[in-house]
Each structure stands twice: as structure tokens, then as C-alpha cells.
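For reference, the chains in residue letters:
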Amino acid sequence: QVQVVESGGGLVQGGGSLTLSCTASGRYHMGWFRQAPGKEREFVAAISWNGVNTAYAESVKGRSTISRGSAKNTVYLQMNSLKPEDTAVYYCNTVDFESLRASGSWGQGTQVTVSS
């Protein structure tokens, strides 16, 4: 079973930036998902195992960048121009790159809170 550890969340003012990190136990297609209070978990961004292909939700496209570290088993999500509606618990998971659905178990996630 793939193990993931998310980090980097915090409190940030609207318009600010934040970079989330996810370290997995191997190289896989990886994705970021988020769940806001009272809402279903939703897809945010994904990156292929080799870092060549990426995908974004419309809600974050143009404001966020998903990338891999040099070791390839670390995935980053840089988020800019943050809005209060970006407030959520952010989760990292393995992903089916065709469907953009999570394919593994959920970790603890990391809380992102954007103040207005």
C-alpha cells in the first residue's frame, strides 16, 4: 500500500501563496484533492509519475502549479492568488491519470485556511 505524507498547509491571507508537499513511498501518478467543510472531496491537480503530464481543476488553473522534486517521489502544489474559497483540507493520493480519480487510501491531509 502506498504511503503518503502531506505537509505545508497553514493560514494565509487572501491573495497570498502557499506550497504544499507530498512524499510518497514510490513513484506513481499523483494528485492533490481537497475537501471544504460541508462539501465533497474534489480533484485539484495531478501529475504523471515522470512529471511530464499535468492536469488541473478549472477552479485552480492558472493559479496553481503541480510539480515533482528531483527525487520524483515528492510532489508539490504551489498555489498563488489564494481565495477564501480555497480553504479546505488538502490531500495527496495516487491517481488514475485518465479519470483523475484517487486510487489509494487517504492520509491525514493538511489544512489550508485563507482569510479574506
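Everything below is about the structure printed above this text.
Reading the values: rules and limits
Residues numbered from 1 in each chain as written. Predicted model: local features only at pLDDT ≥ 70, side-chain atom pairs only at ≥ 80, totals over all residues. Heavy atoms only, no water. Helix = DSSP H or I, 4+ residues; strand = E, 2+ residues; numbered from the N terminus. Rg over C-alpha atoms; globule rule 2.2 N^0.38 Å. Buried < 20%, exposed > 50% of the residue type's maximum accessible area, 1.4 Å probe, protein only. Contact = heavy atoms within 4.5 Å. Areas by Shrake-Rupley, 256 points an atom, 1.4 Å probe, with all protein chains shown as cover. Lys, Arg positive; Asp, Glu negative; His and termini not counted. Charge placed at Lys NZ, Arg CZ, Asp CG, Glu CD. Pairing = 2+ DSSP bridges. Axes fitted to C-alpha atoms, helices over the stretch in contact; angles between N-to-C directions. Phe/Tyr/Trp six-rings, centres within 6.5 Å; stacked < 30°, edge-to-face > 60°.

Caption draft 1: Expanded view of the overall build of the protein chain. Regarding its fold elements, the protein chain presents zero helices and eleven strands. Compactness check: the protein chain gives a C-alpha radius of gyration of 13 Å against a globular reference of 13 Å for 116 residues, within 12% of the reference. Counting all 116 residues of the protein chain, 42% fall into the buried class. Across the protein chain, the fraction of contacts at a sequence separation of at least 24, relative to all contacts at a separation of at least 6, is 53%. As displayed, the protein chain offers around 6100 Å² of accessible surface, 45% of which is attributable to carbon and sulfur atoms. Separation between the mean location of the 10 positive side-chain charges and that of the 8 negative ones in the protein chain comes to 5 Å.

Caption draft 2: Here's a closer look at the pairing of strand 9 (residues 88-96). Counting buried positions along strand 9 yields eight of nine residues, so the element is predominantly enclosed. Pairing of strand 4 (residues 30-35) with strand 9, which is carried by six bridges, proceeds in the antiparallel orientation. By the bridge assignment, Gln35 is partnered in strand 9 with Val89. In this structure, strand 9 lies alongside strand 10 (residues 101-102), joined through two bridges in antiparallel fashion.

Caption draft 3: Region of the structure containing the sheet that holds strand 3 (residues 18-24). Taking strand neighbours across the sheet as the criterion, the four strands line up as 1-3-8-7 in an open arrangement whose pairing is antiparallel. The sheet is open, and its two edges are formed by strand 1 (4-7) and strand 7 (64-68), each paired on a single side. On average, adjacent strands in this sheet sit at an angle of 15° to one another, irrespective of strand direction. Inspection of the sheet shows strand 3 paired to strand 8 (residues 74-79) by six bridges, in the antiparallel sense. Bridge assignment links Thr23 to a residue of strand 8, and that residue is Thr74.

Caption draft 4: Just the packing of aromatic side chains, in detail. Summed over the entire model, instances satisfying the criterion amount to three aromatic pairs. Measuring from centroid to centroid gives 5.8 Å for Phe33 and Phe43, while their planes differ by 70°, and the two rings are edge-to-face. Of this pair, Phe33 sits in strand 4 while Phe43 sits in strand 5 (residues 42-47); the two residues are ten residues apart in sequence, bridging distant segments of the chain. Neither Phe33 nor Phe43 differs from the other in exposure class; each is buried. Centre to centre, the rings of Phe33 and Trp106 are 5.3 Å apart; their planes meet at 85°, and the pair counts as edge-to-face. Taken together, the positions of Phe33 in strand 4 and Trp106 in the loop between strand 10 and strand 11 (110-115) put the pair 73 residues apart, joining distant regions of the chain. Take Phe33: its relative accessible area is 5%, and that puts it in the buried class.

Remember, this is a structural readout, not a statement about activity or role.
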